[in-house]
Amino acid sequence: METTNFFSSIAALNITGDLQVTIRKGAESNWIVSVMLNNEQCGDDARKLIPPLNLRGSAEELDNGFFERITTPIRTVSGLMVDMEGFMKQLEEVKKQSAMEKEKTDRERKEKEAKEKKYREAMQKVDELEKEGKHRDAWMKVPDPSEYPEQAEAIRKRKSSLSLKFAPDLFGATATPVTDEQPQSVEANVEEEEINQ
């Protein structure tokens, strides 16, 4: 039996996918050969639009020129489908990255909003304590500038203005708020005690 190199020639094409060959007898001892490459790994449905390669000729003509005629188109189609699959994978990766980036941006925005809200609430508490005349407590509630670097200057100014409103605690006693009233003289206190007696 004569050796054909059909399968060796197919292997030499080095294609990705399934090669479907349909052979049909035509009119006047001609043959019709339809060759189609199908790559199920390719996720792009456009691959289904690629038509089969149809060859017509006598058995001798097909023996002599079959692989010469199919090599370039089949390799091109194989490469196209591999490129399409690579493109689809990259597209999916881009979608994932985009979703991840959006999620990251949303998370960062939410964290920033929560931090700003916490800052506003702390400063509101400081305002309330200051209105009540509790300057030392208000000073204690002012947030740490290292936690809010974008507000650091405003925080430092607020602490300074609050610290000016209470007397220094030199001996560990409770601080006395500074008032605009003038202290009474010792003589006035003695006179009040004598009147009260």
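Residues numbered from 1 in each chain as written. Predicted model: local features only at pLDDT ≥ 70, side-chain atom pairs only at ≥ 80, totals over all residues. Heavy atoms only, no water.

1. Observations regarding the layout of surface pockets
Now for step 1: Looking at the largest pocket, its volume works out to about 420 Å³.
Now for step 2: Along the walls of the largest pocket sit 13 residues, with Phe6, Leu62, Asp63, Phe66 and Phe67 positioned nearest its centre.
Now for step 3: Looking at the lining of the largest pocket, the elements that each hand over two or more residues are helix H1 (6–13), strand S1 (18–25), strand S2 (31–38) and helix H2 (59–131).
Now for step 4: It is H2 that contributes the most residues to the lining of the largest pocket, five residues altogether. (1 Å grid on protein atoms, 1.4 Å probe; cavity = no way out; pocket = protein on both sides within 12 Å on 5 of 7 lines; lining within 4 Å. Points joined across faces, edges and corners; volume = space filled by probe spheres on them. Helix = DSSP H or I, 4+ residues; strand = E, 2+ residues; numbered from the N terminus.)

2. Here's the deal with the pairing of S2
Now for step 1: Counting buried positions along S2 yields six of eight residues, so the element is predominantly enclosed.
Now for step 2: Across eight bridges, S1 lies against S2 in antiparallel orientation. Paired with threonine 22 across the two strands is serine 34, which belongs to S2.
Now for step 3: In this antiparallel pair of consecutive strands, S1 and S2, the connection spans five residues, and glutamate 28 shows a positive phi of 55 degrees.
Now for step 4: Note that S2 and strand S3 (residues 53–57) share five bridges and pair antiparallel. Considered in S3, the bridge of valine 33 is made with leucine 55. (Buried < 20%, exposed > 50% of the residue type's maximum accessible area, 1.4 Å probe, protein only. Pairing = 2+ DSSP bridges.)

3. Section: the pattern of salt bridges
Now for step 1: Taken as a whole and assessed by the stated rule, the structure comprises 10 salt bridges.
Now for step 2: Among the salt bridges present, the one from arginine 158 reaches aspartate 127, with a minimum N-O distance of 2.5 Å. A residue pair is termed long-range when its members are at least 10 positions apart, and arginine 158 in helix H4 (residues 152–163) and aspartate 127 in helix H2 qualify at 31 residues.
Now for step 3: For arginine 158, a relative accessible area of 17% translates into the label buried.
Now for step 4: Assessed through its relative accessible area of 31%, aspartate 127 is described here as partly exposed.
Now for step 5: We note a salt bridge from glutamate 132 to lysine 134, for which the minimum N-O separation is 3.4 Å.
Now for step 6: A single salt-bridge network, built from bridges that share partners, covers Lys102, Asp106, Arg109 and Glu113. (Salt bridge = Lys/Arg side-chain N within 4 Å of Asp/Glu carboxyl O.)

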